[in-house]
Amino acid sequence: QVQLVESGGGLVQAGGSLRLSCAASGRTFSSYSMGWFRQAPGNEREFVAGINWSGGNTDYADSVKGRFTISRDNAKNTVYLQMKSLKPEDTAVYYCAARPYAISRLAVGYEYWGQGTQVTVSS
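Residues numbered from 1 in each chain as written. Predicted model: local features only at pLDDT ≥ 70, side-chain atom pairs only at ≥ 80, totals over all residues. Heavy atoms only, no water.

Draft legend 1. Up close: the sheet that holds strand 3 (residues 18-25). Strand order across the open sheet formed by 4 strands is 1-3-8-7, with antiparallel pairing between neighbours. Of all strands in the sheet, those with a lone pairing partner are strand 1 (3-7) and strand 7 (68-73), marking the two edges. Sheet twist, expressed as the average angle between the axes of neighbouring strands with direction ignored, equals 15 degrees. In terms of strand pairing, strand 7 meets strand 8 (residues 78-83) through 6 bridges, oriented antiparallel. Looking at strand 8, one finds that Phe-68 is bridged to Met-83. (Pairing = 2+ DSSP bridges. Helix = DSSP H or I, 4+ residues; strand = E, 2+ residues; numbered from the N terminus. Axes fitted to C-alpha atoms, helices over the stretch in contact; angles between N-to-C directions.)

Draft legend 2. Inspection of the environment of Ile-103 at higher detail. Assignment of secondary structure puts Ile-103 in the loop between strand 9 (92-99) and strand 10 (112-113). Placed 50 residues apart in sequence, Ile-103 and Trp-53 show a C-alpha to C-alpha distance of 8.9 Å. Residues in contact with Ile-103, not counting those within four places in the same chain, are Ser-33, Gly-50, Ile-51, Asn-52, Asn-57, Thr-58, Asp-59 and Tyr-110. (Contact = heavy atoms within 4.5 Å.)

Draft legend 3. Looking closely at the pattern of salt bridges. Per the counting criterion, the structure on display carries 6 salt bridges. The shortest N-O distance in the salt bridge between Arg-105 and Asp-59 comes to 2.6 Å. Of the two residues, Arg-105 is situated in the loop between strand 9 and strand 10 and Asp-59 in strand 6 (residues 58-60); the sequence distance between them amounts to 46 residues. For Arg-105, a relative accessible area of 46% corresponds to the partly exposed category. Salt-bridge contacts for Arg-67 lead to Asp-90; the nearest nitrogen and oxygen are separated by 2.8 Å. Placement of the pair is Arg-67 in the loop between strand 6 and strand 7 and Asp-90 in the loop between strand 8 and strand 9, with a sequence separation of 23 residues. Each member of the pair, Arg-67 as well as Asp-90, carries the same accessibility label: buried. Overlapping salt bridges, with partners in common, bring together Arg-38, Glu-46, Arg-67 and Asp-90 in one network. (Salt bridge = Lys/Arg side-chain N within 4 Å of Asp/Glu carboxyl O. Buried < 20%, exposed > 50% of the residue type's maximum accessible area, 1.4 Å probe, protein only.)

Encoded structure:
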């Protein structure tokens, strides 16, 4: 029902900024909560940020709070992850995910996933 495609990843210098985009296809995008997750080599897929259907509620992992901002534009069927003050430990494949419920921090709770986009932060 929902297809997700991430973009915007790349190589960034530590301290820099990057904006990821997730384009969604589906008639009911606006009713879904959206999440960003990331997975580094050897690590579990971890929650980064989430946003509810209206954008009025957000949730962030402690590791990114104050540095990352999640937002959405339902008219454009797009969710964003604005990242600033990037650190080498932010290096990972970043995934966009969707679920027809409230925000969750659990990857298993999301039904729809994008293909991922690589973010590499150099020191």
